[in-house]
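Fold and contact review
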There are 2 protein chains.
Amino acid sequence: MKPIDFWVSIGSTYSYLSVMRLSEVESKTDASFRIRPFSVRAIMVEMDNVPFAKKPIKAQYMWRDIERRAKRYGLYAQIPAPYPLEHFDLANKVAVVGEQEGWCRDYVTVSYRRWFQLGQPAGSDPNLGASLNEIGQDKDRVMELANSPEIHSAYLEATDEARSLGVFGSPCFVVGRELFWGDDRLEDAVEWHESTKDHLK
Amino acid sequence: MKPIDFWVSIGSTYSYLSVMRLSEVESKTDASFRIRPFSVRAIMVEMDNVPFAKKPIKAQYMWRDIERRAKRYGLYAQIPAPYPLEHFDLANKVAVVGEQEGWCRDYVTVSYRRWFQLGQPAGSDPNLGASLNEIGQDKDRVMELANSPEIHSAYLEATDEARSLGVFGSPCFVVGRELFWGDDRLEDAVEWHESTKDHLK
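Keep in mind it's a predicted model, so treat the numbers as computed, not measured.

1. Focus: the overall build of chain A
Each helix and strand counted, chain A has nine helices and four strands in total. When the helices and strands of chain A are placed in sequence order, the string is β-α-β-α-α-α-α-α-α-α-β-β-α. Against the 2.2 N^0.38 benchmark of 17 Å for 201 residues, chain A shows a C-alpha radius of gyration of 16 Å, consistent with a compact globule. With respect to the three principal axes, the spread of C-alpha positions in chain A is 45 × 40 × 35 Å. Taking all 201 residues of chain A together, 43% fall into the buried category. Intrachain contacts of chain A at a sequence separation of at least 6 include 70% that bridge at least 24 residues.

2. What about the interface of chain A and chain B?
Each side of the interface is counted separately: chain A has 13 residues, and chain B has 13 residues. For the side of chain A that touches chain B, the secondary structure elements donating two or more residues are helix H3 (56-73) and strand S4 (178-181) of chain A. No other element matches H3(A), which puts four residues into the side of chain A that touches chain B. Here the residues of the side of chain A that touches chain B are counted per class, giving six nonpolar, two polar and five charged.

3. A word on the sheet that holds strand S1 (residues 4-8) of chain A
All names here are of chain A. The sheet built from four strands is open, its strands ordered S2-S1-S3-S4 with mixed pairing. What marks the edges here is a single partner per strand, and that holds for strand S2 (33-37) and S4. Recorded for the sheet is a direction-independent mean angle of 25° between the axes of neighbouring strands. Judged from the five bridges that link them, S1 and S2 form a sheet pairing that is parallel. From the neighbouring strand, aspartate 5 faces S2, where its bridge partner is arginine 34. Lying over the sheet, helix H9 (residues 186-195) contacts S1, strand S3 (172-175) and S4, oriented at roughly 10° with respect to S3.

4. Looking at helix H1 (residues 15-28) of chain B
All names here are of chain B. Taking 1.5 Å as the rise per residue, H1 with 14 residues should run 20 Å; its terminal C-alpha atoms sit 20 Å apart, in good agreement. The sharpest bend along H1 measures roughly 45° and falls at arginine 21. Buried within H1 we find Ser15, Tyr16, Leu17, Ser18, Val19, Met20 and Leu22.

5. Overview of unusual backbone geometry
In the segment running from Ile79(A) into Pro80(A), the intervening peptide bond is cis, with an omega of -5°. For Pro80(A), the position within the fold is in the loop between H3 and helix H4 (88-101).

6. So, the environment of Gly123(A)
Residue and element names in this part refer to chain A. Tracing the backbone shows glycine 123 in the loop between helix H5 (104-118) and helix H6 (127-134). Placed 112 residues apart in sequence, glycine 123 and glycine 11 show a C-alpha to C-alpha distance of 9.0 Å. Other than its neighbours up to four places away in sequence, glycine 123 contacts Ile10, Leu85, His87, Phe88, Leu90, Ala91 and Leu128.

7. Some remarks on the sheet that holds strand S1 (residues 4-8) of chain B
Backbone-to-backbone hydrogen bonds join strands into a sheet, with any given pair of strands oriented parallel or antiparallel. All names here are of chain B. Across the sheet, which stays open at both edges, the four strands sit in the order S2-S1-S3-S4 with mixed pairing between neighbours. Of all the strands in the sheet, the pair left with one neighbour each is strand S2 (33-37) and strand S4 (178-181). Each neighbouring strand pair of the sheet contributes to a mean axis angle of 25°, computed without reference to strand direction. Contacting S1, strand S3 (172-175) and S4, helix H9 (residues 186-195) crosses the sheet at an angle of about 10° to S3.

8. Overview of the confidence of the model for chain A
Per-residue confidence for chain A gives a mean pLDDT of 94; residues scoring 70 or more make up 98%. What the predictor reports for the complex is a pTM of 0.94 with an ipTM of 0.92.

9. Observations regarding the relation of the copies chain A and chain B
Mapping chain A onto chain B calls for a rotation angle of 180° and an axial translation of 0.0 Å; the resulting RMSD is 0.0 Å. These values place the two chain copies in the arrangement generated by a two-fold rotation axis. For chain A, the residue whose C-alpha comes nearest the rotation axis is Asp184(A), separated from it by 3.7 Å. A high fraction, 100%, of the interface residues of chain A reappear at the interface in chain B, so the copies pair face to face through one surface.

10. Things to note about the packing of helix H5 (residues 104-118) of chain B against helix H6 (residues 127-134) of chain B
Residue and element names in this part refer to chain B. Where H5 contacts H6, the two axes come as close as 9 Å, and the packing angle between them is 135°. One way to sum up the angle between H5 and H6 is to call them oblique. The two elements H5 and H6 cross, and the hand of that crossing is right-handed. Contacts between H5 and H6 involve Tyr107, Val110, Ser111, Arg114 and Trp115 on the former and, on the latter, Asn127, Ala130, Ser131 and Glu134. When grouped by side-chain class, the residues that make up the contact of H5 with H6 number four nonpolar, three polar and two charged.

11. With respect to helix H4 (residues 88-101) of chain B
Residue and element names in this part refer to chain B. Along its 14 residues, H4 runs 20 Å from first to last C-alpha, staying within 8% of the 20 Å computed at 1.5 Å per residue. Every buried residue of H4 is accounted for by Ala91, Asn92, Lys93, Val94, Ala95, Val96, Val97, Gly98 and Glu99. Buried-residue contacts for H4 involve S2, H5, helix H7 (139-146) and helix H8 (149-165). Backbone geometry just downstream of H4 places glycine 102 in the positive-phi region, at approximately 95°.

12. Quick notes on the pairing of S2(B)
The buried fraction of S2(B) amounts to four of the five residues, a majority that puts the element mostly inside the structure. For the crossover that starts at S1(B), traverses H1(B) and ends in the parallel S2(B), the hand is right-handed.

Conventions used here
- Residues numbered from 1 in each chain as written.
- Chains lettered and ligands numbered in written order.
- Predicted model: local features only at pLDDT ≥ 70, side-chain atom pairs only at ≥ 80, totals over all residues.
- Helix = DSSP H or I, 4+ residues; strand = E, 2+ residues; numbered from the N terminus.
- Rg over C-alpha atoms; globule rule 2.2 N^0.38 Å.
- Buried ≥ 20, exposed ≤ 12 C-beta atoms within 10 Å, placed from the backbone.
- Contact = placed C-beta atoms within 7 Å.
- Nonpolar A, V, L, I, M, F, W, Y, C, P; charged D, E, K, R; others polar.
- Pairing = 2+ DSSP bridges.
- Axes fitted to C-alpha atoms, helices over the stretch in contact; angles between N-to-C directions.
- Expected span 1.5 Å × (residues − 1).
- Bend = angle between axes of the 7 residues up to and from the residue.
- pLDDT = per-residue confidence, 0-100.
- Least-squares fit on C-alpha atoms with pLDDT ≥ 70 in both.
- Parallel < 35°, antiparallel > 145°, perpendicular 65-115°, else oblique.
- Left-handed = near helix turned anticlockwise from the far one by under 90°.
- Right-handed = clockwise from strand over helix to strand, strands pointing away.

In structure tokens:
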């Protein structure tokens, strides 16, 4: 079964909704998701795509929209969550370590939960240490890796791959050559995945 | 029954999807919609909110997304439609005349259909003349009104009202004090409307 690539940058607000819904969607459909951490900020800066900073009306709407959507999904969210994240890149580099070691999804989920439910910014303590502890990873060991040149390169390479696919925002779901941007396109991505029989491969 | 205010600017691409779905949504729910034409461009320029111009990757995605969404809804769309519109303001001022005279919705629907299904830019001929003719309005009479200071003022006032409500994009659905931005929030607006019993007033 070929998974749907779920490109995500910890730091994206709407991605909270998708991260928390993955397991439920998987349980109800044939789809599965593979998390692909990358730097959406690098791509957005290149594109001069700055949706919320210096746009207070739009940012205010975004929080209200997330609050309402979370409620629809039966998800708790403490709105607004701390934003923007100070240690955006570190949060995502830890996810890259997890990708290589097989605990990326658990970390991203736990870290988002602490960010949006406890108000602890992802990528900083106490979120970072507590999230790694919760999934059974040693913080010192992971930090050393996350700050290594190898992980830095892997993070840049993932961002290059996202860019080459046309990914410009987070969350973004990629099925074959089709991109679906935004939590509100998660169901479209799953339907596309089913229609193309990618789930049978 | 209190209608949902549907703030729309002809010139917005995603609004095509909503304009063409209004009647079907009304037939299946207790909701009804009142079209409120305004200048989303004025508000977006003020906010420095420029989502697609100079953002080719995002614009390309937008067209593909609209194409897929139209298909989901069973709507025909010739993608990409001519964009941006040269006579954006005129298209909307005609809608304001229609608002005062009771044929706004018919005009907006016909004009969007010609724009997205026949590739005729809204606000220019042949779209303008043919759309007015199709709904039984005399073009010369309507043009004289659309270019009058009174309609110009009404257009600015509508835009002021939209701004004061926090509307920053089109389509935008307003139910009480709640804003729902985007075609993909039409169902959320209808559910909110039902939950607040606005439809019983």
